[in-house]
Amino acid sequence: ELIRHADTAMCFAKERGRNSLIFFSKELQEQVNAKKKIAEQLRGAMEKEEFILHYQPIISTRGNEIIGVEALLRWHNDLLGDLAPDVFIPIAEEIGLITKIGDWVLTQACKQNKAWQQQGYPGIVMSINLSFMELGLTNYAATVSSSLSDSQLDPQYLELEFTENTLMKDAKQSMVQLRQLNALGVSLALDDFGTGYSSMKYLSKLKLNKLKIDGSFIKNLPSSAIDIMTTRAIIALAKQLKLQITAEGVETAAQCEFIETCHIDAMQGYHFSRPINAEKFTRLLQAPTWQ
Ligand code: C2E
Ligand code: MG
Ligand code: MG
């Protein structure tokens, strides 16, 4: 038992980046058990069709209309209930399931976007989130390419989002991957910008199209002087790099008004809509609630 507990503590220490010291505790054991339970259920989730995608609109600052949509993964499990992606995605990465789940997300999102176009709605860009594991796959561009041709979605209507940390996990491989993805004609966006570790050297060399300013900077606008400064600095950087800019986590009319003065291209957040299922999103396409 002592050795088993020591092993548990060692695993945690390794997760923290190895060079750390962790003491075993009851709480630690509970965390391990909870994670094991999630991992167990996650393995069968795909076959049981427990995943669905929710969609959140991305709105143009100029026209106030829907120009894009972000697909966000939702998981309902009979035993565990609803779990947030922040909870189960790291576990899916750990047990090597994320690429299978990611392929499903990619396929569904492409199909759904094509379906909206076939129903006669104006073309919008569908964004999906990538895990570092997908970006690390040597054949990922081929996967995207076949999803596009299977769904007959034009590449200009697909966008791939990844975070700074995802990119910097293996910066050299990311460069190769992004070049291949860029050649397909899909759009590439840096998600949660400002919260991770970036290399300015790589940032300027990557074939990015868009930068999404993390919601934590938007949260205290327009009252926080420091967040105004940071947001403006990010905008200046993005403009110099000729990137489009989306503000994430826009929740209030005041934030919205402030953003309009900043020359940001697009906004996303609860102020417009929470992520919703495909059926509700279709209704939003027919009649946006904020117009
Ligand atoms: P993200 O890509 O940055 O997605 C935005 C998150 O912010 C979503 O959380 C969304 O529901 C939330 N959000 C949107 N507007 C607002 C707002 O006004 N206020 C606040 N407080 N939050 C807002 P969600 O759906 O829980 O997803 C969390 C993260 O999980 C995502 O962050 C993304 O990194 C990851 N994720 C979601 N779906 C997938 C997926 O299919 N694959 C991968 N690899 N990751 C995913
Ligand atoms: Mg995202
Ligand atoms: Mg984000």
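Predicted, not measured: the structure shown is a model, and the values here were computed from it. (Residues numbered from 1 in each chain as written. Chains lettered and ligands numbered in written order. Predicted model: local features only at pLDDT ≥ 70, side-chain atom pairs only at ≥ 80, totals over all residues. Heavy atoms only, no water.)

Participant: Is there a simple way to explain the overall build of the chain in this structure?
Facilitator: When helices and strands are counted, the chain shows 13 helices and nine strands. The principal-axis extent of the C-alpha atoms belonging to the chain is close to 65 × 45 × 35 Å. Here the chain holds 291 residues, and 46% of them are scored as buried. Expressed as a percentage of contacts within the chain between residues at least 6 apart in sequence, the contacts between residues at least 24 apart total 65%. Carbon and sulfur atoms make up 52% of the accessible area of the chain, which amounts to about 15,300 Å² in all. (Helix = DSSP H or I, 4+ residues; strand = E, 2+ residues; numbered from the N terminus. Buried < 20%, exposed > 50% of the residue type's maximum accessible area, 1.4 Å probe, protein only. Contact = heavy atoms within 4.5 Å. Areas by Shrake-Rupley, 256 points an atom, 1.4 Å probe, with all protein chains shown as cover.)

Participant: How should the coordination of the magnesium ion (ligand 2) be read in this particular structure?
Facilitator: Geometry reference: four tetrahedral donors at a metal, ideal angle 109.5 degrees. Six octahedral donors, ideal angles 90 or 180 degrees. Coordination sphere of the magnesium ion (ligand 2), protein contribution only: Glu70 (OE), Asn129 (OD1), Glu161 (OE) and Asp191 (OD), at 2.0 to 2.2 Å. Here the donor residues of the magnesium ion (ligand 2) are spaced in sequence according to E-x58-N-x31-E-x29-D. A distance of 4.0 Å spans the gap from the magnesium ion (ligand 2) to the magnesium ion (ligand 3), which Asp191 bridges by coordinating each metal. Of this pair, Asn129 sits in strand E4 (residues 125-129) while Glu161 is found in strand E5 (residues 158-163), placing the two residues 32 residues apart along the sequence. For Glu161, a relative accessible area of 0% translates into the label buried. (Donors = N, O, S within 2.8 Å, 3.2 Å for Na, K, Ca; no water.)

Participant: Would you explain the site of ligand 1 in this entry?
Facilitator: Around ligand 1, 22 residues are found, and the nearest of them are Arg74, Asn129, Asp191, Glu251 and Tyr270. Between ligand 1 and the protein, one listed contact pairs a nitrogen atom with a side-chain N or O atom of Gln56 at 3.0 Å. At 2.9 Å, a side-chain N or O of Glu70 approaches an oxygen atom of ligand 1. Taking 810 Å² as the accessible area of ligand 1 by itself, protein coverage stands at 79%. Here ligand 1 occupies the largest pocket. Of all the secondary-structure elements, those providing two or more residues to the shell around ligand 1 are strand E2 (66-77), helix H3 (85-94) and strand E6 (187-193). The greatest single-element share of the shell around ligand 1, amounting to four residues, is contributed by E2. (Near = heavy atom within 4 Å. Polar contact = N/O pair within 3.5 Å; in protein donor to acceptor, adjacent residues only side chain to side chain. 1 Å grid on protein atoms, 1.4 Å probe; cavity = no way out; pocket = protein on both sides within 12 Å on 5 of 7 lines; lining within 4 Å. Sits in = over half its atoms within 2 Å of the grid points.)

Participant: What am I meant to see in the layout of surface pockets here?
Facilitator: Unfilled space is identified by rolling a water-sized probe across the atoms. What the largest pocket holds in volume is close to 1,200 Å³. Classifying every residue of the lining of the largest pocket by side-chain character gives 15 nonpolar, twelve polar and 13 charged. Taken as a whole, the second largest pocket encloses approximately 330 Å³ of empty space. Cys11, Val32, Lys35, Lys36 and Glu94 are the residues nearest the centre of the second largest pocket, which is lined by 15 residues in total. Of all the secondary structure elements, the ones that give two or more residues to the lining of the second largest pocket are helix H1 (2-15), helix H2 (26-45) and H3. In terms of residue count, the dominant contributor to the lining of the second largest pocket is H1 (seven residues). Among the residues forming the lining of the second largest pocket, the class breakdown is six nonpolar, three polar and six charged. (Points joined across faces, edges and corners; volume = space filled by probe spheres on them. Nonpolar A, V, L, I, M, F, W, Y, C, P; charged D, E, K, R; others polar.)

Participant: Can you walk me through the coordination of the magnesium ion (ligand 3) in this structure?
Facilitator: Each protein donor to the magnesium ion (ligand 3) is listed here as Asp191 (OD), Asp192 (OD), Glu248 (OE) and Glu248 (OE); together their distances run 2.0 to 2.6 Å. For the magnesium ion (ligand 3), the single-chain donor residues occur in sequence as D-D-x55-E. Classification of Asp192 as partly exposed rests on a relative accessible area of 23%.

Participant: Mind showing me how you'd approach the state of the cysteines here?
Facilitator: The bond known as a disulfide is covalent and runs between the sulfur atoms of two cysteines. Counted according to the given criterion, the structure contains zero disulfides. Here Cys256 is not disulfide-linked; the sulfur of Cys262 is the nearest cysteine sulfur, at 11 Å. We classify Cys256 as buried; its relative accessible area is 7%. (Disulfide = S-S within 2.5 Å.)

Participant: Even after reading the chapter, I still don't get the packing of aromatic side chains, so can you show me in this structure?
Facilitator: Aromatic ring pairs: the centre-centre distance and the angle between the two ring planes describe each pair. Applying the stated criterion across every chain yields a total of eight aromatic pairs. Ring centres of Phe51 and Trp104 lie 6.2 Å apart, and the angle between their planes is 45°; this geometry places the pair in the tilted category. Taken as a pair, Phe51 in strand E1 (residues 51-60) and Trp104 in helix H4 (residues 98-118) lie far apart in primary sequence, 53 residues in all. Using a relative accessible area of 5% as the deciding quantity, one classes Phe51 as buried. For Trp104, a relative accessible area of 23% gives the class partly exposed. Consider the rings of Tyr55 and Trp116, whose centres lie 5.3 Å apart with planes at 75°: the pair is edge-to-face. (Phe/Tyr/Trp six-rings, centres within 6.5 Å; stacked < 30°, edge-to-face > 60°.)

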